[in-house]
Structure formats: C-alpha cells, structure tokens
Amino acid sequence: MLLTDALMGCFGPNRDYEVVELELYVAAVRRPALRTIADQYTETTTGLLLRYVDPATAHAATAAMNGLTLRGLASSQPPGRDEVEAILTRVLTPNPALPATLPTAAENQAIAPHGQ
C-alpha cells in the first residue's frame, strides 16, 4: 500500500523532517500563533486523502497516521510495516456490518433511552 510506504518513510529516511514537523505540531498546543501552521499540516494530509476517500474516512486516516507517526518517533521501536498496513487498512476499509451513514445527533437523541 502506497500510504504504508509513505508512513514507513517517517521512521527511516524522512525521520529528521518528520521530527521537526511533529515538534511544530506539538508546539502549537502552547503557542497559538503556530496553530495555523498545524492546521495546514492536518488539512494538507486530509486533502490528499480526499482524492481517494470520503471526508470522514480522510479525517480518520489522518488521525490514525498522526498517532502512528507520534508513536513511531517517540518509541524505542517504531511500528512494523505489517502493523502500520493493518491499521491503515482497518481505517480505510468500510465495515459492512455498519450502516452506510452514521446517525445524526438528533437521530441519536430520538433513539436514546429516556433520561439520558
């Protein structure tokens, strides 16, 4: 999977670049002036994925990739290719047991037991 290849590059030849990007992203937590740059990073990744998947899946995959990157860069041992591919496949593959669309907040309220 091409996406797996790209993510695995974060732990190898592109590691230094990814560390700087991640440090910038995390620095935005305490420095609001950096949040625009962090938002651009996330929007770019999500935008690239939107060429292939729906918006909800693109956002889920972006979040999974951010988590895998953080874990891989901060851990003594980054995740292996098989693990990364399994996680991305799970995020990107529709689950036939789930409805095609998620219920809205109003629909959830309508079906929630009374008192909740």
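Remember, predicted model here, so these are calculated numbers, not experimental data.

For this particular structure, what's the right way to read the nonpolar core?
Membership of the largest hydrophobic core comes to 13 residues, with the highest contact counts inside it found for Leu3, Leu7, Leu49, Met65, Leu68, Val84 and Leu88. Counting only elements with at least two residues in this core, the list comes to α1 (2-9), α4 (55-74) and α5 (81-92). Looking at this core element by element, the count peaks at five residues for α4. Excluding its chain neighbours within four sequence positions, the residues that come into contact with leucine 88 are Met1, Leu3, Thr4, Leu7, Met65 and Leu68.

Whenever I open this one, the pattern of salt bridges confuses me. Can you help?
Note that side chains of opposite charge can pair when their charged atoms are close. For the structure on display, the rule yields three salt bridges. The partner of arginine 71 in a salt bridge is glutamate 83, and the shortest N-O contact between them spans 2.9 Å. Residue arginine 71 is found in helix α4, and its partner glutamate 83 is found in helix α5; the two are separated by 12 residues along the sequence. Overall, arginine 71 belongs to the partly exposed group, its relative accessible area being 37%. Residue glutamate 83 is classed as partly exposed on the basis of its relative accessible area of 32%. Among the charged side chains, a network of salt bridges with common partners joins Asp5, Arg81 and Glu85.

Definitions and cut-offs
Residues numbered from 1 in each chain as written. Predicted model: local features only at pLDDT ≥ 70, side-chain atom pairs only at ≥ 80, totals over all residues. Heavy atoms only, no water. Core = buried A, V, L, I, M, F, W, Y, C linked by side-chain atoms within 4.5 Å. Buried < 20%, exposed > 50% of the residue type's maximum accessible area, 1.4 Å probe, protein only. Helix = DSSP H or I, 4+ residues; strand = E, 2+ residues; numbered from the N terminus. Contact = heavy atoms within 4.5 Å. Salt bridge = Lys/Arg side-chain N within 4 Å of Asp/Glu carboxyl O.

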